[in-house]
Amino acid sequence: MAFMAVLESDLRALSTEARRRYPGVKDGAEHAILKLRTLSNPSEIGHNEDILRIFLMACEVKTVKISVIGLSCLQKLISHDAVAPSALKEILSTLKDHADMADESIQLKTLQTILIILQSRLLPENEDDMAQALGICLRLLENVRSSDSVRNTAAATFRQAVALIFDHVVGAESLPAGKFSSGSQISRTSSVTGDVNRSINFSESLEQDFLSGGSSLMRENLSKAGKLGLRLLEDLTALAAGGSATWLWVSSLPRTFALDILEFILSNYAVMFRALVSYEQVLRHQICSLLMTSLRTNAEHEGEVGEPYFRRLVLRSVAHIIRLYSSSLTTECEVFLSMLVKVTYLDLPLWHRILVLELLRGFCVEARTLRILFQNFDMNPKNTNIVENMVKALAHVVSSVQVQDTSEESLAAVAGMFSSKAKGVEWSLDNDASNAAVIVASEAHAITLAVEGLLGVVFTVATLTDEAVDVGELESPRCDSDIQANFLGKTAVLCISMVDSLWLTTLDALSFILSRSQGEAIILEILKGYQAFTQACGVLRAVEPLNSFLASLCKFTIYIPNEAEKRSGMHSPGSKRSEPLVDQKDSIVLTPKNVQALRTLFNIAHRLHNVLGPSWVLVLETLAALDLAIHSPHATTQEVSSSVPKLTRDFSGQYSDFHILSSLNSQLFESSALMHISAVKSLLSALSQLSHQSMHGTLSSFGQPSSQKIGSIRFSVERMISILVNNLHRVEPLWDLVVGHFLELAENSDQHLRNLALDALDQSICAVLGSDQFQVAHSRGNDMETTPTELQALECVVISPLRVLYFSTQSIDVRIGSLKILLHVLERHGDKLQYSWLDILEMLRSVSNASEKDLVTLGFQSLRVIMNDGLSTIPVDCLQVCIDVTGAYSAQKTELNISLTAVGLLWTTIDFIAKGPLHENSEEKETEQTDGKKGEEGSLNISSKFNGQSPLNVVDRDKLLFSVFSLLQKLGSDERPEVRNSAVRTLFQILGSHGQKLSKSMWEDCLWNYVFPILDRSSHMAATSSKDEWQGKELGTRGGKAVHMLIHHRYLS
């Protein structure tokens, strides 16, 4: 075996070295070689003391070479379990003697041997043996004659010995295995968000380890190993407090070293303090007392207690207690946290305050720690609002930059620190930096820590809110259904309480630092915080914080100066004071901060579109201003990476800021198709409210010029149309909201707004009638999901605004606008209409009675479209109304040409009735039709249907024909000769063209009731008409005499 061979070789070396001066050692070594050859394995060596004895004998001579060989062989024997436990006392005594030797190699070998003993099965269970082993390390550590390497090795050996002892305690007490760290050594990532996420993952794994460990009840009885560890802990606490040890063999020890060991125990063996009563008592009464005393700041500390390293150790230990034991040490942790918060307000050295801020920042970015602290303190009426006070302290540090003489330099350094962190490099000063620069850097470091702490709170609230959504306590803002959350879950209640308690202080601090910062990295980080917290407020339905954060964010998005500010050259809140406006006339400058804030606003709106409700108004005001900037020829963007601000307006650049922002603006409203219907209604209501505010000049800005007001109204109207177009599949519940506002705008006194409303109404009606839903419903009729009743209601609702607009206004131009819209509708979508013809025709009938020529002309144009192109699509029961309306336009006195053209349309109607699809009802035919004319009438027997209506039968056709004849008869006695002539000619042309299709009885009715009365009337008027020229219509003058027109009635027939 290799071990046996190596051991024999060491014995030979020992024999050779001791041959001259120490013959007894030489003889013993040779005897041991012979003995070794008789043994076969290390366990047999342990039962034979001769071999161990020779090595101890070699150590007793205390010469360097022989002692080194002896200690090395002892180490090998111990490592291979070749030493009996009974020999431990003698070995420790030997090591104690060697520790007093002045040779460095011997001292190092001694320390190595101690560590090997503690790592082997020889680990002392007796308190005296363990105290002796640890005492050897401490004696070498405190010995002023020891070299640096020996002291460092002694310190490392003692630390490892402590770890081995407490590992043994954990095993002996059957506690969960493994090290439990509070995470103070987690490296910082490039963003606060990353720190929060990493702390969550770490804390969750830590909690799982504790939960899987078992015991939740604390135990009072300790094993032998537990008692030994307790004595070690008590002595270390006493030494850290500057006292003396009662068990360890040491008179004094550097307090820093003792505190360092304590900090190591607190962070890695939390399970002992949670499960063992005795350990918890030491922690509560001794360790906490020590730390509270060390934290005192009311007097200057002297010696090592006042050194930064000692303060750092104290603070790290306090941090471990707060992170790991706040649930059981509530009072102590409350005192600790109150003291830490107090430090930020005191005039202490800057390095001291930075150490405390590092701690507070760490608590804020650790979601689980912050959650526990808030639950234990802020949500408990009996305790102090610790988290709220922490946030106020951090905000105080941030706001203190206002009163510093070097505030601008400090803020620039803060921006540099965030920029360096974003790139993953450490920010550092130049080597030749002056003292003033060092002070500025330290102040900036403090501000950076405070800002990161506030952002940590923000991201923690957002993360916990997401957790509440994941476990079902809150509804996701992207949920399709109307959100009805009960907010009764534990995490949900926690998040709501945190928001209510912290939002105002957080907002003040973040808005201040954002307004003063110019670095890209810090701006992005703060805007991420804005987005996270605002979205959390939306999910939690915290309306006031939501609106406040939105309003604050909007201040950094875009700013359009009013007239007074243009003259005085004021600047936007988000720009530097030194940034001049490019053109004082009409300039709008978007800085990189403005652009990023706008993107953040779009992200929030997309995330919360289902829950914003009335808060949409805040968003829409900003988007309206953005829309104005996008369409302004004077709007520019400012590039980021330029020492001199460079203002550009690149219209051709595909990825320019304006192009991207314009796309985001459009996409937000296009995405309304994905929103819940109640959310879409809220968005439409907010657009309507924005328009009303602009109309009445009550926008939140200082006061807008009329062009800006009109711009906001135009924005609202265009976005309403966009929402309508993207929600055509569910237009019914939205229609009244949209059109109601357009109708209201149409009554405005401003001509521009009236025209805007009319154009919007035109687009909206045509969009609905031209939608796929409407076309499919029209083509499939009863076969589709939309029932005829629903389709009828939709069509009537879409068309009714035209009728309402016409009859509710006294403005001629609005009436003209409504008739133009009707004309467009009939021209583009008249073939799709089915249920609204009666309303349309009645409206046109009313127009025929108007005294304004423009109204009558537009109304008649719509009628011509119907009569020329739409008769085939009009329901049968509406044909009679069409004829009546045509007759009304024929009889109107406003425009003669319209009357003449309308008479011609009656001919078109008769032609359609005679040639159009009919259904011959044999039961209603007269007997005369059976005599040789059945084949002639059969040509009219077409059984097609019109738009689902009942087919037109012979009886209906006859009624329509007589209706036309009646109208022509009345027009034959019109006072205007041109109309009389046209009506009589049309009547006889109809009889000439379609007389063969009339039955005998119809001919009799036609002759006796229509033709002969017209002839009698014409004869009477011819006989009684004037023969004098001067009684006719005056056409003009010739040679100074009036010229009159006179037409004799005998020429009319």
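Whatever comes next refers back to the structure up there.
The structure displayed is predicted, hence computed values, not measured ones. (Residues numbered from 1 in each chain as written. Predicted model: local features only at pLDDT ≥ 70, side-chain atom pairs only at ≥ 80, totals over all residues. Heavy atoms only, no water.)

### As for the packing of aromatic side chains
Across all of its chains, the model carries 12 aromatic pairs by this definition. Judged by centre distance (5.5 Å) and plane angle (65 degrees), the ring pair of Tyr530 and Phe549 falls under edge-to-face. Taken as a pair, Tyr530 in helix 23 (residues 520-540) and Phe549 in helix 24 (residues 543-555) lie far apart in primary sequence, 19 residues in all. For the pair shown, Tyr530 and Phe549 are each scored as buried. Considering the side-chain rings of Phe669 and Phe715, the 5.9 Å spacing of their centres and the 80 degrees angle between planes classify their relative orientation as edge-to-face. Separated by 46 residues along the polypeptide, Phe669 in helix 28 (residues 657-670) and Phe715 in helix 30 (residues 706-726) bring together distant segments of the chain. Summarising the burial analysis for this pair, Phe669 and Phe715 share the class buried. A cation over a ring is seen here: Arg159 above Phe264, with NZ or CZ 5.4 Å from the ring centre. Positioned over the ring face of Tyr806 is Arg815, at 4.8 Å from the centre of the ring. (Phe/Tyr/Trp six-rings, centres within 6.5 Å; stacked < 30°, edge-to-face > 60°. Helix = DSSP H or I, 4+ residues; strand = E, 2+ residues; numbered from the N terminus. Buried < 20%, exposed > 50% of the residue type's maximum accessible area, 1.4 Å probe, protein only. Lys NZ or Arg CZ within 6 Å of the ring centre and 35° of its normal.)

### Examining the packing of helix 34 (residues 788-808) against helix 35 (residues 812-829)
Packing of helix 34 against helix 35 brings their axes to within 9 Å, and their N-to-C directions diverge by 155 degrees. Taken as axis vectors, helix 34 and helix 35 run roughly antiparallel relative to one another. Read as a crossing pair, helix 34 and helix 35 show a hand that is left-handed. Touching Ile799, Leu802, Leu805 and Tyr806 of helix 34 are Val814, Arg815, Ser818, Leu819, Ile821, Leu822 and Val825, all from helix 35. Here the residues of the contact of helix 34 with helix 35 are counted per class, giving nine nonpolar, one polar and one charged. (Axes fitted to C-alpha atoms, helices over the stretch in contact; angles between N-to-C directions. Parallel < 35°, antiparallel > 145°, perpendicular 65-115°, else oblique. Left-handed = near helix turned anticlockwise from the far one by under 90°. Contact = heavy atoms within 4.5 Å. Nonpolar A, V, L, I, M, F, W, Y, C, P; charged D, E, K, R; others polar.)

### Let's talk about a nonpolar patch on the surface
Together, Phe988, Trp1008, Phe1012 and Leu1015 give the surface a local cluster of nonpolar side chains, amounting to about 400 Å² of exposed area. For the nonpolar patch, the element with the most residues is helix 43 (residues 1000-1024), which contributes three residues. The residue Phe988 is located in helix 42 (residues 977-994) in this model. Classification of Phe988 by relative accessible area gives partly exposed; the value is 36%. (Patch = residues over 30% accessible without salt bridge, like charges linked within 9 Å, V, L, I, M, F, W, Y side chains within 5 Å. Areas by Shrake-Rupley, 256 points an atom, 1.4 Å probe, with all protein chains shown as cover. Salt bridge = Lys/Arg side-chain N within 4 Å of Asp/Glu carboxyl O.)

### Here we look at the side chain of Glu334
Along the chain, Glu334 falls in helix 16 (residues 330-343). For the buried Glu334, no salt bridge is present, and the opposite-charge side chain at shortest range is Arg284, 11 Å distant. (Lys, Arg positive; Asp, Glu negative; His and termini not counted.)

### Here we look at the nonpolar core
Judged by nonpolar contacts, the single largest core of 330 residues is most densely connected at Phe158, Ile265, Met272, Ile321 and Leu340. In terms of residues, this core owes the most to one element, helix 21 (residues 435-470), which gives 17 residues. (Core = buried A, V, L, I, M, F, W, Y, C linked by side-chain atoms within 4.5 Å.)

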